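Observations on the three-dimensional arrangement
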Amino acid sequence: MMHDFLNVLLLTFIPLFIAIDPLSLPPFVLSLTEDLSTHQRYKLIHASMGTATLVGLAFLFFGQFILNTMGISVGAFAIGGGFILLVLSTNYITKGRMMETSEETKVGVVPIGTPLTAGPATITTLLLLQNEFPLYIVLISFALNLLITWGLLLLSTKLIRVLGKGGLKAISQIFSLLLATIAVAMMLRGLDMLGIINIVG
């Protein structure tokens, strides 16, 4: 029983970990908060994680209802989310950032809380996992991923010292490639769910 629980937990944890990509966030957060004190940076991180939690839970519990009300299928949402994620990951690979930033974005809610942490990839992944696995398992995996992300952001300054900005940049580039692959997979999964194509296996 415990072995089955751990297997299912792993099957939900890994897709969310790749979708959230916590390793790519520290350098981004530091670039946004370079003029802030440590206390202010921590306050921003707490606000961004609170936002990510609320957005994720809202779509996890009410996402299907929202989509049904708007007449949007999970397949169509997966295609849209995958397309947006593909654009964001392509921007990061080619430009070194996912989106243009300004002083107003330093509130932490945008873009750190959403869409970087709880963005199209995370929301789509949550909806897809909810349809395949028990809700409490998905909740546990989501909570674990947020805790890991939260911890990495709080330790971002020390993490930069250990790996260096170049090291984190290299890791983020690798995860950006993985995110691009996940984006394509989401789009194909959406097309399959809509019956446009048939993916075997």
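What you see is a predicted model, and the numbers here were worked out from it, not measured in a lab.

Looking at the overall build of the protein
Looking only at helices and strands, the protein has eight helices and zero strands in total. Walking the protein from its N terminus toward its C terminus, one meets helices and strands in the order α-α-α-α-α-α-α-α. For the protein, with 201 residues in total, the buried portion stands at 41%. Of all intrachain contacts in the protein linking residues separated by at least 6 positions in sequence, the fraction that spans at least 24 positions is 84%.

Some remarks on helix H6 (residues 120-132)
Relative to the 18 Å expected for 13 residues at 1.5 Å per residue, H6 spans 18 Å between its end C-alpha atoms, a close match to the ideal helical length. Judged by how many residues are buried, H6 sits mostly within the fold: ten of 13 residues are covered. Along H6, the positions that sit buried rather than exposed are Pro120, Ala121, Thr122, Ile123, Thr124, Thr125, Leu126, Leu127, Leu128 and Leu129.

Notes on the packing of helix H3 (residues 38-69) against helix H7 (residues 135-154)
Taken N-terminus to C-terminus, the directions of H3 and H7 make an angle of 165°; their axes are 11 Å apart at the nearest point. Judged on the interaxial angle alone, H7 and H3 are roughly antiparallel. The hand of the H3/H7 crossing is right-handed. Within the contact between the two elements, H3 uses Tyr42, Ile45, His46, Met49, Ala52, Thr53, Gly56, Leu57, Leu60 and Phe61 and H7 uses Leu135, Val138, Leu139, Phe142, Leu146, Thr149, Trp150, Leu153 and Leu154. Grouping the constituent residues of the contact of H3 with H7 by class yields 15 nonpolar, four polar and no charged.

Re the pattern of salt bridges
This model, assessed by the stated rule, comprises one salt bridge. For Glu132, the salt bridge goes to Arg189, with nearest N and O atoms at 2.5 Å. Here the residue Glu132 occupies a position in helix H6, and Arg189 occupies one in helix H8 (residues 156-193), the gap between them amounting to 57 residues.

Some points on the confidence of the model for the protein
In the predicted model, the protein carries a mean pLDDT of 80, and the fraction of residues at 70 or more is 81%. Mean pLDDT across the secondary structure elements of the protein bottoms out at helix H2 (residues 25-32), with 72, and peaks at H7, with 95. Within the model, pLDDT remains below 50 along residues 101-107, and this stretch shows ten contacts once partners closer than five positions in the same chain are excluded.

As for helix H1 (residues 2-20)
Structurally, the α-helix is built with 3.6 residues per turn, so residues lying three or four positions apart point the same way. If you check H1, its first and last C-alpha atoms are 26 Å apart, about what 19 residues at 1.5 Å a residue would give, namely 27 Å. Of the positions making up H1, those classed as buried are Leu9, Thr12, Phe13, Leu16, Ile18, Ala19 and Ile20. The positive-phi residue at the C-terminal boundary of H1 is Asp21, with phi of around 50°.

Points about the environment of Pro26
Looking at the element boundaries, Pro26 is found in helix H2. Put simply, Pro26 and Leu153 are 127 residues apart on the chain and 5.5 Å apart in space, counted from C-alpha to C-alpha.

So, how was this worked out
Residues numbered from 1 in each chain as written. Predicted model: local features only at pLDDT ≥ 70, side-chain atom pairs only at ≥ 80, totals over all residues. Heavy atoms only, no water. Helix = DSSP H or I, 4+ residues; strand = E, 2+ residues; numbered from the N terminus. Buried < 20%, exposed > 50% of the residue type's maximum accessible area, 1.4 Å probe, protein only. Contact = heavy atoms within 4.5 Å. Expected span 1.5 Å × (residues − 1). Axes fitted to C-alpha atoms, helices over the stretch in contact; angles between N-to-C directions. Parallel < 35°, antiparallel > 145°, perpendicular 65-115°, else oblique. Left-handed = near helix turned anticlockwise from the far one by under 90°. Nonpolar A, V, L, I, M, F, W, Y, C, P; charged D, E, K, R; others polar. Salt bridge = Lys/Arg side-chain N within 4 Å of Asp/Glu carboxyl O. pLDDT = per-residue confidence, 0-100.

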